[in-house]
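Spelled out, the chains give:
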Amino acid sequence: MLKTLQTTGQVVRGARALSGSPVTISTGRGGRSSTNSHTVTVFGATGRMGRFLVNSLGQQGTQLILPHRCDPLSAQYLKLSSDLGQQHPVYTPDFNDETALEDVVKYSDVVVNLTGSHRPRLHHSFKDSNATLTHRIARACKNVGTPCFIHMSHINADYDSKSQYLQAKALSEEIVLHELPNAAIIIRSADCFHGWDEFSHYLARINTRKRLIQKGRTFIYKRGIYTYKQPVFGPDVMKAISRIITTPDQDRHRLYQFVGPKVYSLHEFMQAISDITYRMYKPVYNPVRHFLEADLWKHELYIRYQMISDTPAHGLPGLEDLGIRPSAFEDVSLLWLRNYRIFWQVWDPLDGQRSNIYNNSMGTGENI
């Protein structure tokens, strides 16, 4: 798999030379049709955030190796992010096979781990998908001598957290630092919002699926007053990771923290969502419902998004240190939150005004 130009005898880039050191030859004037000095393996490229990283790296002419377990057609849309021959999807059905993992990382000078599930699956627990899989990937990188391993974690990762997801993320950080103490770079990101996220969609859903007769009454933990969030735009985080990849190793930090430009209380964030979706929002709190959600059912999204506040550490490098201006939630969220609007509330063809669906008996937007 060593990438060479047979006509000129030049090693193109990114793949390791026979001596074990990364090749640093780049060609072209920049952009998707050029080649830079990196070959990057991205685990989790077909997930919620992976598409943004693949696109950002493809814009720079990075050669990409994309292992995945899904149907090959499900990863086909990623081909548009890179020029012809620059992207190599590798169907790897069994991530328990260490030989297969070593095969997809041994030619890369950077490996990015975006794997992890936000909820337990039928055959995989939080520990399996967020820590055990990370351990296998980190061990494969250790065996082949990968010089740089970037691991995506969470700003609230903590062993003592009420969230099983955040507990697993804390364990994954320890695993990565144990296996690759000199090569690991940890990315601690706040909850991300984008078109395929879980955070803003979950909060918009619990408000918009209420019946009109409920007048926007939404169950929120302690009415959202005591929970504070600093969410960040997902493409900004992936663009920052691509900047880290192209940064010389001596200039890289070992720990980054990515947060958004504004701190919201959960109540303020829900109001920002309702301003875009045109839905009525009235927070209510019920201790019995809280006991069911948090203690009995242990609803992971409720615990992580409503009960746990973001706690950023001071002094860690962030988006601004990489030359990226964080995007505000209100500036970009219209692209996907508009789907939660009711169609007759968006535009009335008779008078050009939005209809008030809450203040009439039928809830149809008609002037009754």
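(A) Examining the packing of aromatic side chains more closely. Across all of its chains, the model carries 16 aromatic pairs by this definition. Measuring from centroid to centroid gives 6.4 Å for Y221 and Y302, while their planes differ by 90°, and the two rings are edge-to-face. Here the residue Y221 occupies a position in the loop between β8 (217–219) and β9 (228–229), and Y302 occupies one in helix α9 (residues 300–307), the gap between them amounting to 81 residues. Note on Y221: relative accessible area 13%, which makes it buried. An aromatic cluster is defined as three or more aromatic residues linked by ring pairs; in this entry it consists of F193, F199, Y202, F233, Y264, F269, Y305, F329 and W336. Positioned over the ring face of Y226 is K222, at 5.8 Å from the centre of the ring.

(B) Up close: the sheet that holds strand β4 (residues 110–113). Pairing in this open sheet of seven strands is parallel, and the strands run β3-β2-β1-β4-β5-β6-β11 from one edge to the other. Edge positions in the sheet fall to β3 (87–91) and β11 (255–258), since each has one partner strand and no second. Taking the axes of each pair of neighbouring strands and ignoring which way they run, one obtains an average angle of 20° across the sheet. Where strand β1 (residues 39–43) meets strand β2 (residues 63–68), three bridges bridge the pair, whose relative direction is parallel. Note that in β2 the partner of T39 across the bridge is Q63. The strands touched by helix α1 (residues 50–59) within the sheet are β1, β2, β3 and β4, with β2 carrying the most contacts at an inclination of about 160°. The sheet contacts of helix α6 (residues 234–246) involve β1, β4, β5 (149–154), β6 (184–189) and β11, and relative to β5 the element is tilted by about 155°.

(C) Quick look at the pattern of salt bridges. What the rule picks out here adds up to 13 salt bridges. Salt-bridge contacts for K142 lead to E179; the nearest nitrogen and oxygen are separated by 3.6 Å. Of this pair, K142 sits in helix α3 (residues 126–144) while E179 sits in helix α4 (residues 164–179), and the two are 37 residues apart along the sequence. Overall, E179 belongs to the buried group, its relative accessible area being 10%. Note that D191 and K229 form a salt bridge whose closest N and O atoms lie 3.4 Å from each other. Of the two residues, D191 is situated in the loop between β6 and β7 (192–193) and K229 in strand β9; the sequence distance between them amounts to 38 residues. Judged by its relative accessible area of 1%, K229 is buried. Taken together, the shared-partner salt bridges in this structure form one network comprising R48, R119, E198 and R205.

(D) Seen up close, the packing of α1 against α6. Taken N-terminus to C-terminus, the directions of α1 and α6 make an angle of 45°; their axes are 8 Å apart at the nearest point. Taken as axis vectors, α1 and α6 run oblique relative to one another. By crossing handedness, the relation of α1 to α6 is classed as right-handed. Between α1, through F52, L53, S56 and L57, and α6, the contact on the second element is made entirely by P235, M238, K239, I241, S242 and I245. When the residues that make up the contact of α1 with α6 are grouped by side-chain class, the tally is seven nonpolar, two polar and one charged.

How each quantity is defined
Residues numbered from 1 in each chain as written. Predicted model: local features only at pLDDT ≥ 70, side-chain atom pairs only at ≥ 80, totals over all residues. Heavy atoms only, no water. Phe/Tyr/Trp six-rings, centres within 6.5 Å; stacked < 30°, edge-to-face > 60°. Helix = DSSP H or I, 4+ residues; strand = E, 2+ residues; numbered from the N terminus. Buried < 20%, exposed > 50% of the residue type's maximum accessible area, 1.4 Å probe, protein only. Lys NZ or Arg CZ within 6 Å of the ring centre and 35° of its normal. Pairing = 2+ DSSP bridges. Axes fitted to C-alpha atoms, helices over the stretch in contact; angles between N-to-C directions. Contact = heavy atoms within 4.5 Å. Salt bridge = Lys/Arg side-chain N within 4 Å of Asp/Glu carboxyl O. Parallel < 35°, antiparallel > 145°, perpendicular 65-115°, else oblique. Left-handed = near helix turned anticlockwise from the far one by under 90°. Nonpolar A, V, L, I, M, F, W, Y, C, P; charged D, E, K, R; others polar.

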